[in-house]
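One letter stands for each residue in the lines below.
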Amino acid sequence: MFYEYHLRDKALLPHDPFKALIAPRPVGWVSTMNRAGEINLAPYSFFNAFSGAPPLIGFSSDGVKDSLTFAEETREFVWNLATWDLRGQMSDTSAPLPRGQSEFIHAGLEMAPSKLVAPPRVKASPAQLECKVTEIIHLKNMDGGYSDNRLVLGQVIGVWIDDSYIENGIVQVTRMKPLARCGYQDYTVLDDVFQMRRPAGAGNASGGG
Ligand SMILES: Cc1cc2nc3c(=O)[nH]c(=O)nc-3n(C[C@H](O)[C@H](O)[C@H](O)COP(=O)(O)O)c2cc1C
């Protein structure tokens, strides 16, 4: 089938398949702190890496949520790797708590201090990235009208990896079992990979995604 996005047949497709097609999306489990020192933790699946040099990652907030506000105030955030083992707690941190009430406590998660930024890390997560906000983009539609979405981009300045997952210089990511978001109520887990070489002359992996 083909349909113009805004003309989807809701009898055939009652739920918008957009997010099911752009899948799996890594989970941006983002911790932030505001100027008052209040701490926030929430998952964002409009999340990804956008550049290797500088290393940039970003999450998109649908509306003005605490993670956006806190990151805007202090220009810092931490990405925590959400894993299969932490799936329930990750989901719990998406609860709409009143501002200032920490999702760490709500989800029963222990904090660990960061080194270069103020927001704490999720101690039980096997990897975290400490980031400085580089820009916050208020996303527009094709007519130039502002949407409700803001993309927060940050440069990675600190990297934490649980040493027990490093074997012969390679991070065994599949052993961490990263969670990823699909459409509808679906998630998946990265627990298997395969190798494929880029075509001759295409350069090495640092030149692309
Ligand atoms: C797996 C998952 C992915 C989510 N992705 C997003 C997202 O990309 N953008 C968004 O605005 N909300 C997303 N949410 C909802 C937010 O986590 C939720 O609104 C949360 O309360 C926001 O918290 P905050 O106000 O503390 O930042 C997601 C929730 C879950 C469980």
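Residues numbered from 1 in each chain as written. Predicted model: local features only at pLDDT ≥ 70, side-chain atom pairs only at ≥ 80, totals over all residues.

### A word on the sheet that holds strand β6 (residues 76-80)
Using the following cut-off: When DSSP finds at least two bridges between two strands, those strands are taken to pair. Runs of H or I in DSSP of at least four residues are treated as helices and runs of E of at least two as strands, each being numbered from the N terminus. Orientation is described by lines fitted to C-alpha atoms, with helices fitted over the stretch in contact, and by angles between N-to-C directions that extend from 0 to 180 degrees.
Strands sit in the order β3-β2-β6-β9-β10-β5-β4 across an open sheet of seven strands; the sheet is antiparallel. Only two strands of the sheet have a single neighbouring strand rather than two, namely β3 (39-44) and β4 (47-52). Recorded for the sheet is a direction-independent mean angle of 35° between the axes of neighbouring strands. In this sheet, strand β5 (residues 55-62) lies alongside β4 in antiparallel orientation, the contact comprising five bridges. Bridging across to β5, G52 finds its partner in P55.

### Digging into the site of the ligand
Let me state the cut-off plainly: Near, for a residue, is defined by distance from a backbone-placed C-beta atom to a molecule or strand, with 6 Å as the limit that must not be exceeded. We call Asp, Glu, Lys and Arg charged. Ala, Val, Leu, Ile, Met, Phe, Trp, Tyr, Cys and Pro are nonpolar, and the rest, Gly among them, are polar.
Around the ligand, the structure places 17 residues, and the nearest of them are A42, F46, D62, K65 and S67. Elements with a contribution of two residues or more to the shell around the ligand: β3, β5 and α2 (66-74). Of the residues forming the shell around the ligand, the biggest block, four residues, is contributed by β3. In the shell around the ligand, the residues fall into six nonpolar, seven polar and four charged.

### Brief notes about α2
Applied cut-off: Labels follow a simple rule on C-beta atoms placed from the backbone: if 20 or more others lie within 10 Å of a residue's own, it is buried; if 12 or fewer, it is exposed; otherwise it is partly exposed. Note on contacts: each residue gets a C-beta atom placed from the backbone, and two residues are in contact if those atoms are within 7 Å.
Residues of α2 that are buried include every one of D66, S67, L68, F70 and A71, and no others. The inward-facing, buried residues of α2 abut β2 (28-33), β3, β5, β6, β9 (127-140) and β10 (146-161).

### Observations concerning the environment of M111
Turning to its location among the elements, M111 is positioned in strand β7 (residues 111-112). Each C-alpha atom, one on M111 and one on S31, is 10.0 Å from the other, the two residues being 80 residues apart in sequence. Each residue touching M111, except ones within four places of it in the same chain, is listed here: F104, P120, R121 and K123.

### As for the nonpolar core
Note the cut-off: By convention the nonpolar core is taken to be a set of buried residues drawn from Ala, Val, Leu, Ile, Met, Phe, Trp, Tyr and Cys and joined through C-beta atoms within 7 Å.
Ranked by size, the top nonpolar core spans 29 residues in total, and within it W29, V30, W79 and A82 carry the most contacts. Where this core is concerned, the elements lending two or more residues are β2, β3, β5, α2, β6 and β9. Considering every element that reaches this core, the biggest residue donor is β3, with four residues. V30 has contacts with A42, Y44, F59, S67, F77 and W79, leaving out every residue within four places of it along the chain.

### A look at the sheet that holds strand β14 (residues 187-189)
Across the sheet, which stays open at both edges, the three strands sit in the order β1-β13-β14 with antiparallel pairing between neighbours. At either end of the open sheet lies a strand with only one pairing partner, and these are β1 (25-26) and β14. Note that strand β13 (residues 179-181) and β14 share three bridges and pair antiparallel. Among the inter-strand pairings, L179 is bridged to a residue of β14, identified as V189.

### Let's talk about the confidence of the model for the chain
Stated formally: Looking at any residue, its pLDDT shows the predictor's confidence there, from 0 to 100.
This prediction gives the chain a mean pLDDT of 96; 98% of its residues lie at or above 70. At the level of individual helices and strands, the chain shows its lowest average pLDDT in helix α4 (residues 103-107), which scores 95, and its highest in β6, which scores 99.

### Side note on the environment of Q101
With respect to the secondary-structure elements, Q101 resides in the loop between α3 (87-92) and α4. Spatially, the C-alpha atoms of Q101 and I39 are 7.7 Å apart, while their sequence positions differ by 62 residues.

### Overview of the pairing of β3
In terms of burial, β3 is largely enclosed, as six of its six residues are buried. Side chains I39, L41 and P43 project from β3 onto one buried face, and the interleaved N40, A42 and Y44 project onto a second face that is buried too. Pairing between β2 and β3: six bridges, direction antiparallel. Bridge pairing links G28 to Y44 in β3. Joining the antiparallel neighbours β2 and β3 is a turn of five residues, in which G37 adopts a positive phi near 90°.

### Quick notes on the environment of T93
Tracing the sequence through the fold places T93 in the loop between α3 and α4. Residue T93 is classed as buried on the basis of its C-beta count, with 24 C-beta atoms lying within 10 Å. Each C-alpha atom of the pair T93 and W29 lies 8.9 Å from the other, and the pair is 64 residues apart in sequence.

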